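These are the residues of each chain, in order.
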Amino acid sequence: MSTSRKAPVIVVTGTPGTGKTTHAELLAQESPIPLKHINVGDLVKEKNLYEEYDEEWQSYTVDEDKLLDELEPLASEGGIILDWHTCDIFPERWADLVVVLRCNHTMLWDRLEKRGYPLKKIQENNEAEIMDVVIEEARSSYAPEIVVELQSEGTEDLESNVSRIVQWIEAWRKDRGL
Ligand code: DAT
């Protein structure tokens, strides 16, 4: 929570496949103020912010210090959407809103299968969704009033979620006299 930011930092999180990137892209288009969509996974790859690539899990082991250094100036400035499957490494002061997307696990399984994930990675993520891993992480890292859990199963969810966040942005700005 910062008093100096003129535009908010919105964290969009959730198990892989719940719809973070789809939401972040639409939100960036529909926001009343410019918001830059930062796909943290892509940033990690582009800027080599990882320690190694894990062949078995087909994923990068993120260098958290490097990642936080890279993001710090952007978060201080505000006007960003942070799209990542975890949120507990971000300092609490960065986030103005934390959106946790949820999806039923059969649908999630299909989405991850279509993405070509290896079976164990599908199973791990599916289990994480069932066990509420990301929402619990968000609730233990941020004030309850800024954490919002939203269903992301169909296009109607996507549209209503994004319009809800747009309304939140308008209220956030009004509260600050912007
Ligand atoms: P994430 O960024 O969380 O990994 P994504 O945005 O890439 O997820 O979405 C994964 C797939 O599921 C993609 O094909 C779009 C689809 N999808 C996600 N949320 C959806 C929704 N609410 N309505 C329709 N399709 C959705």
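Preceding block: the structure.
Since the structure is predicted, the reported quantities are computational estimates derived from the model, not experimental observations.

This brings us to the layout of surface pockets. Taken as a whole, the largest pocket spans an internal volume of roughly 1,200 Å³. Every residue lining the largest pocket is counted, 44 residues in all, and those nearest its centre are Pro16, Trp84, His85, Tyr117 and Lys121. Within the residue set of the lining of the largest pocket, elements represented by two or more residues are helix 1 (20-30), helix 2 (40-46), strand 4 (59-62), helix 4 (105-114), helix 5 (119-130), helix 6 (133-141) and helix 7 (155-175). Considering only residue class, the lining of the largest pocket consists of 13 nonpolar, 18 polar and 13 charged.

To continue, consider the packing of helix 1 against helix 7. Helix 7 packs onto helix 1 with a crossing angle of 50° between their chain directions and a minimal axis gap of 10 Å. Between helix 1 and helix 7, the angle is such that the two are oblique. Judged by the sense of rotation from one axis to the other, the crossing of helix 1 with helix 7 is right-handed. Between helix 1 and helix 7, the contacting residues are Thr22, His23, Leu26, Leu27 and Glu30 on the first element and Asp157, Leu158, Asn161, Val162, Ile165, Val166 and Ile169 on the second. Its residues placed into classes, the contact of helix 1 with helix 7 shows 7 nonpolar, 3 polar and 2 charged.

With that settled, consider the packing of aromatic side chains. All chains considered together, the criterion is met by 5 aromatic pairs. Each ring, one from Phe90 and one from Trp94, has its centre 5.6 Å from the other, and the planes form 25°; the classification is stacked. Judged by its relative accessible area of 2%, Trp94 is buried. Ring centres of Trp168 and Trp172 lie 6.4 Å apart, and the angle between their planes is 35°; this geometry places the pair in the tilted category.

Once that is clear, we can look at the sheet that holds strand 6 (residues 97-102). Judged by pairing direction, the sheet is parallel, and its 5 strands sit side by side in the order 2-5-1-6-7 without closing on themselves. The two strands at the open ends of the sheet, each matched to only one other strand, are strand 2 (36-39) and strand 7 (147-151). Strand-to-strand twist in this sheet, taken as the mean axis angle between neighbours without regard to direction, amounts to 20°. With 4 bridges joining them, strand 1 (residues 9-13) and strand 6 adopt parallel strand pairing. Its bridge partner lying in strand 6, Ile10 is registered against Leu97. Its contacts with the sheet put helix 1 on strand 1, strand 2, strand 5 (80-83) and strand 6, and the angle it makes with strand 5 is roughly 170°. Across the sheet, helix 3 (residues 64-77) is in contact with strand 1, strand 2 and strand 5; its angle to strand 5 comes to roughly 140°.

On to the pattern of salt bridges. One pass over the structure, following the stated rule, counts 9 salt bridges. A salt bridge links Asp42 to Lys45, with the shortest nitrogen-to-oxygen separation between them at 4.0 Å. Taken together, the positions of Asp42 and Lys45, both in helix 2 and 3 residues apart, correspond to about one turn of that helix. Exposure remark for Asp42: the relative accessible area of 35% places this residue in the partly exposed category. A salt bridge links Glu149 to Arg139; the shortest N-O distance between them is 3.5 Å. Linking Glu149 in strand 7 with Arg139 in helix 6, this pair joins segments that are 10 residues apart in sequence.

How each quantity is defined
Residues numbered from 1 in each chain as written. Predicted model: local features only at pLDDT ≥ 70, side-chain atom pairs only at ≥ 80, totals over all residues. Heavy atoms only, no water. 1 Å grid on protein atoms, 1.4 Å probe; cavity = no way out; pocket = protein on both sides within 12 Å on 5 of 7 lines; lining within 4 Å. Points joined across faces, edges and corners; volume = space filled by probe spheres on them. Helix = DSSP H or I, 4+ residues; strand = E, 2+ residues; numbered from the N terminus. Nonpolar A, V, L, I, M, F, W, Y, C, P; charged D, E, K, R; others polar. Axes fitted to C-alpha atoms, helices over the stretch in contact; angles between N-to-C directions. Parallel < 35°, antiparallel > 145°, perpendicular 65-115°, else oblique. Left-handed = near helix turned anticlockwise from the far one by under 90°. Contact = heavy atoms within 4.5 Å. Phe/Tyr/Trp six-rings, centres within 6.5 Å; stacked < 30°, edge-to-face > 60°. Buried < 20%, exposed > 50% of the residue type's maximum accessible area, 1.4 Å probe, protein only. Pairing = 2+ DSSP bridges. Salt bridge = Lys/Arg side-chain N within 4 Å of Asp/Glu carboxyl O.

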